[in-house]
Amino acid sequence: MKQSIISILLIEDNADDAFLIKEMLTELPESAGRFGVTHVERLAHGLERLEQEHFDIILLDFSLPDGHGVETFTQVQQEAPALPVVVLTGLDDEDMAVDALHEGAQDYLFKGEVNPSLLARAIRYAIERKRAEVVVAQSAADMEQFAYMVSTDMQQSLQIIAQQLAQLEERLGERIGTTSKTLIADIVSASQRVRALSDAQLAYTRTATWGVVLEAVDSQEILAQTLANLSSTIQEGKAEITHGLLPTVEGDTVQLLQLFRHLILNAIKFRSKSSPQIHIEAEHVSSEWVFSVQDNGIGIDVGYMERIFDPFQRLHKGDDHGVGIGLAICKRILDRHGGRIWVESKPNQGSIFYFTLPFSSSS
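Being a predicted model, the structure only gives us computed values, none of them experimental. (Residues numbered from 1 in each chain as written. Predicted model: local features only at pLDDT ≥ 70, side-chain atom pairs only at ≥ 80, totals over all residues. Heavy atoms only, no water.)

1. Some remarks on the sheet that holds strand 13 (residues 341–345)
Let me state the cut-off plainly: The pairing criterion is simple: DSSP has to find at least two bridges between the two strands. Helix and strand labels come from DSSP, where a helix needs a run of H or I of at least four residues and a strand needs a run of E of at least two; each type is numbered from the N terminus. Interaxial angles span 0 to 180 degrees and are taken between N-to-C directions of axes, which are lines fitted to C-alpha atoms, for helices over the stretch in contact. Note on contacts: a residue pair is in contact if any heavy atoms of the two residues lie within 4.5 Å.
Taken together, the five strands give an open sheet; going across it, the order is 9-11-12-14-13, and neighbouring strands pair in mixed fashion. Edge positions in the sheet fall to strand 9 (240–243) and strand 13, since each has one partner strand and no second. The sheet shows a mean angle of 20 degrees between the axes of neighbouring strands, taken without regard to direction. Where strand 12 (residues 288–295) meets strand 14 (residues 351–358), seven bridges bridge the pair, whose relative direction is antiparallel. Within strand 14, the position partnered with S292 by the bridge is Y354. Here helix 9 (residues 253–269) sits on the sheet in contact with strand 9, strand 11 (277–285), strand 12, strand 13 and strand 14, set at roughly 175 degrees to strand 14.

Laid out in structure tokens, this is it:
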């Protein structure tokens, strides 16, 4: 049985390099695969071919007359997001090649070190990896859709339960006893908790499919917007929130708003008898910014430290402060930013939540 031909779009302006790559693929034994190569010398020509023809993979030179570095890869990815890309680069461009991997390229190869078997392996690996990414993305989308359907059905059912109980209580009027009123109140309370859990589960599931658009973001403006959004909660809780000079970071604006919101809400919710006092700082350490969110709340027992960022872990037994999803969402946001989050705390002595974000050259 003949193997199908792997169709390759080679975007390479150096004719000698293009010739060598074609020769390498020709020299391979048939067991290594069969390859068909379409070669163009300009990025613009490659983008045109992508509009007109089907390819299985793109081999992309990182230094073209009409494109260079990560921007070259970005343009190709925008035109053909479903295709795997292997970047071809010189030894001096390894940092840019690694940046391309972070942006979604499947692999990179140094032109001076490529041999036939390495090239074939990189092509096959890139195709399989991209297929796996597509499957994972589709699974995540399916999970989100399923979670949405379950959440919607559950919300409707719980609303019916609450309405029926209200009608029952109204019809019975004075005939209903204290015990029955207590039972109805307990059922309503339980249904409200299930609704909250359903909403939280959907919110957490959606974080799995969030994309991250990294750009220079002023975290001081993010904090100001967060405080404005939470103004009524801050006033009701009589919270005092202060901060130092906060930097510009590499981040996703929408997700950073979520991050600051959850951490500030967490500090307000788990207050001590004193009014909440929250202070936010940031320090430049190596290639990242280390933020701290310090409060004077009730603190966290050491027994919860290992699982505090797991979903649906409530910080204190018997509390009624939500369903335990906020810190798990914070962790997912920071995972997607290449950051970390941790906490230092003692019961009745407050907590300090630390998190890191990439350093921005525009800081």
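Next comes the rest of the account.
2. Topic: the sheet that holds strand 6 (residues 85–89)
In space, the five strands of this open sheet follow the order 2-1-3-6-7, with parallel pairing throughout. A strand with exactly one partner marks an edge of an open sheet, and here the two such strands are strand 2 (34–40) and strand 7 (107–110). Sheet twist, expressed as the mean angle between neighbouring strand axes with direction ignored, is 25 degrees. Of the strand pairs in this sheet, strand 1 (residues 5–11) and strand 3 (residues 57–61) are connected by four bridges, and their pairing is parallel.

3. Quick word on the packing of aromatic side chains
Using the following cut-off: Pairing of aromatic side chains here covers Phe, Tyr and the six-membered ring of Trp, requires ring centres within 6.5 Å, and sorts the geometry by plane angle: under 30 degrees stacked, over 60 edge-to-face, intermediate tilted. Whether a residue is buried, partly exposed or exposed follows from its accessible area with a 1.4 Å probe, protein chains only, as a fraction of its type maximum: under 20%, in between, or over 50%, in that order.
Tallied over the entire structure, the rule returns seven aromatic pairs. Ring centres of Y108 and F110 lie 5.6 Å apart, and the angle between their planes is 75 degrees; on these two criteria the pair is classed as edge-to-face. With respect to class, Y108 is no different from F110; both count as buried. Seen in terms of ring centroids, F309 and F353 are 6.3 Å apart; in terms of plane orientation they differ by 85 degrees. Their pairing is edge-to-face. Taken together, the residues span a long stretch of sequence, with F309 in the loop between strand 12 and helix 10 (326–336) and F353 in strand 14 at a distance of 44 residues.

4. Concerning the environment of E215
Secondary-structure assignment places E215 in strand 8 (residues 215–218). Given a relative accessible area of 39%, E215 falls into the partly exposed group. Along the primary structure E215 and E250 are separated by 35 residues, whereas in three dimensions their C-alpha atoms are 5.2 Å apart.

5. Regarding the pairing of strand 11
Pairing between strand 9 and strand 11: four bridges, direction parallel. Among the inter-strand pairings, E240 is bridged to a residue of strand 11, identified as Q277. When strand 11 meets strand 12, the two strands line up antiparallel, connected through eight bridges. Paired with I280 across the bridge in strand 12 is V293. Count of turn residues in the strand 11/strand 12 antiparallel hairpin: two residues, of which S286 carries a positive phi of about 55 degrees.

6. Observations concerning the environment of N229
Test applied: Here a polar contact means two N or O atoms within 3.5 Å. Within protein one must be a hydrogen donor candidate and the other an acceptor candidate, and residues neighboring in sequence count only if both atoms are side-chain atoms.
When you line up the elements, N229 lands in helix 7 (residues 219–229). The exposure class of N229 is exposed, given its relative accessible area of 52%. Between the C-alpha atoms of N229 and L257, which are 28 residues apart in sequence, the distance is 9.7 Å. At 2.8 Å, the side chain of N229 and the side chain of Q225 are in polar contact.

7. Digging into a nonpolar patch on the surface
For the record, the criterion: Each patch is built from residues lacking any salt bridge and having more than 30% relative accessible area; the joining distance is 9 Å for like charges and 5 Å for nonpolar side chains (Val, Leu, Ile, Met, Phe, Trp, Tyr). Computed with a 1.4 Å probe, the accessible areas rest on the Shrake-Rupley method; for each residue, only the protein chains presented here act as cover. Every case where a carboxyl oxygen of Asp or Glu lies within 4 Å of a side-chain nitrogen of Lys or Arg is listed as a salt bridge.
On the surface, M143, F146, V150, M154 and V194 cluster together into a nonpolar patch covering about 400 Å² of accessible area. Here the nonpolar patch gets four residues from one element, more than from any other, and that element is helix 5 (residues 116–172).

8. Quick look at the confidence of the model for the protein chain
Selection rule: The pLDDT value tells you how sure the predictor is about a given residue, anywhere from 0 up to 100.
Per-residue pLDDT for the protein chain has a mean of 84; in total, 88% of the residues score no lower than 70. Within the protein chain, strand 9 carries the highest mean pLDDT (96), whereas helix 6 (residues 178–207) carries the lowest (73). A low-confidence stretch, residues 317–321 stays under pLDDT 50, and its non-local contacts, those more than four residues away or across chains, total seven contacts.

9. Looking at the pattern of salt bridges
All told, the structure shown has nine salt bridges when counted by the stated rule. E12 is the salt-bridge partner of K111, the closest N and O atoms lying 2.9 Å from each other. Taken together, the residues K111 in the loop between strand 7 and helix 5 and E12 in the loop between strand 1 and helix 1 (15–27) connect sequence positions 99 residues apart. Judged by its relative accessible area of 29%, K111 is partly exposed. We classify E12 as buried; its relative accessible area is 0%. With its nearest N and O atoms 2.5 Å apart, the salt bridge here joins R340 to E288. Placement of the pair is R340 in the loop between helix 10 and strand 13 and E288 in strand 12, with a sequence separation of 52 residues. Here E288 falls in the buried class, since its relative accessible area comes to 19%.

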